[in-house]
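Spelled out from the first residue to the last, the chains are:
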Amino acid sequence: MIENLLIVAAGTGSRLRAKGDLKPLVEICGATLIERALASAFSAGLTRATVVTGYNAPVLEEHLDQLAHRHCWNIETVHNGEYQHPNGLSVLKARDRLSGPFCLAMCDHLVAPSLYHTLMAGERRAGEVALAVDTALGNGFVDLEDVTKVRYAGRHILEIGKEIPVYNAFDTGIFAADPALFDAIEKSGRERGDYSISGGMTELALEKKAIAVDVGGEFWIDVDSPQMYDLATGWLAANRPLAV
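Residues numbered from 1 in each chain as written. Predicted model: local features only at pLDDT ≥ 70, side-chain atom pairs only at ≥ 80, totals over all residues. Heavy atoms only, no water.

Participant: For this particular structure, what's the right way to read the pattern of salt bridges?
Facilitator: Any two side chains of opposite charge can pair if their charged atoms end up close together. Per the stated rule, a full pass over the model turns up 21 salt bridges. With a closest N to O distance of 2.8 Å, Lys-23 and Asp-224 form a salt bridge. Highlighted residues: Lys-23 in the loop between strand 1 (4–9) and strand 2 (27–28) and Asp-224 in the loop between strand 13 (220–222) and helix 7 (226–239), separated in sequence by 201 residues. The buried category is assigned to Lys-23, whose relative accessible area is 11%. Residue Asp-224 is classed as buried on the basis of its relative accessible area of 13%. One network of salt bridges, with partners in common, ties together Arg-15, Lys-23, Asp-108, Asp-143, Asp-146, Lys-162 and Asp-224. (Salt bridge = Lys/Arg side-chain N within 4 Å of Asp/Glu carboxyl O. Helix = DSSP H or I, 4+ residues; strand = E, 2+ residues; numbered from the N terminus. Buried < 20%, exposed > 50% of the residue type's maximum accessible area, 1.4 Å probe, protein only.)

Participant: Would you mind going over helix 6 (residues 197–206) with me for this structure?
Facilitator: Helical geometry: 3.6 residues make up each α-helical turn, so side chains three or four residues apart lie on a common side. Where burial is concerned, most of helix 6 is hidden: 7 out of the 10 residues are buried. Among all positions of helix 6, only Ile-197, Gly-199, Gly-200, Met-201, Glu-203, Leu-204 and Ala-205 are buried. Looking one or two residues past helix 6, Lys-208 carries a phi angle of roughly 55 degrees, positive in sign.

Participant: Explanation requested: unusual backbone geometry in the structure shown.
Facilitator: Peptide bonds are trans in most cases, and residues, glycine excluded, mostly fall at negative phi. Phi angles above zero are rare outside glycine, and Asn-56 is one such case at about 50 degrees. Mapping Asn-56 onto the fold places it in the loop between strand 4 (48–53) and helix 2 (57–71). Exposure remark for Asn-56: the relative accessible area of 31% places this residue in the partly exposed category. Of note, Cys-72 is a non-glycine position whose phi angle comes to about 60 degrees, a positive value. Note on placement: Cys-72 falls in the loop between helix 2 and strand 5 (75–79). A relative accessible area of 70% places Cys-72 in the exposed class.

See below:
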């Protein structure tokens, strides 16, 4: 059972700026995005979270302290001063904090706790990184212009990226990983100048160590624009399973 969670919450969130200056602190149905992201992971059985902060870090860190006391959550932070650069650099900032398996999530992705259960129940060998993928290509909660796309066969991811022309799944932004992900991001950055998480997954795909776990049917949404915020608000108002 994986116990550790890594959440990337360092960026400026410019596409959601209309809803607030600091994206993790944007409120949706009475709770902040970061609170909902943490609640889903802790509800799924994870017990310790490392949050990578960046833009306006003191304000976010104060909020995280309040959440830790309110919910009795185990939260620590690590700062990424290079938050304007690819998101894989935020992952690398946590390398010294995570020596074993962990789940990786994005602060603006709302997911049902059951998605974590499905992901963690999937087959994953040492040195492999599993990505929760959604094969429901007609999912109305997906922004086709922004979502990262995945092409996979069997259990192996073959390609990943926002611009790949052929795909059969969407990247939900939730991973089951181990330190192999750190090595892959570093290698991608060193050899191709790509320090993104997708760059690391591309490197793992070349080594046949990037695994897809189909979680189609589990709720998830990337709240990265006003349009997606409105969709998430409507779903939460009608269903409330992610209430905190």
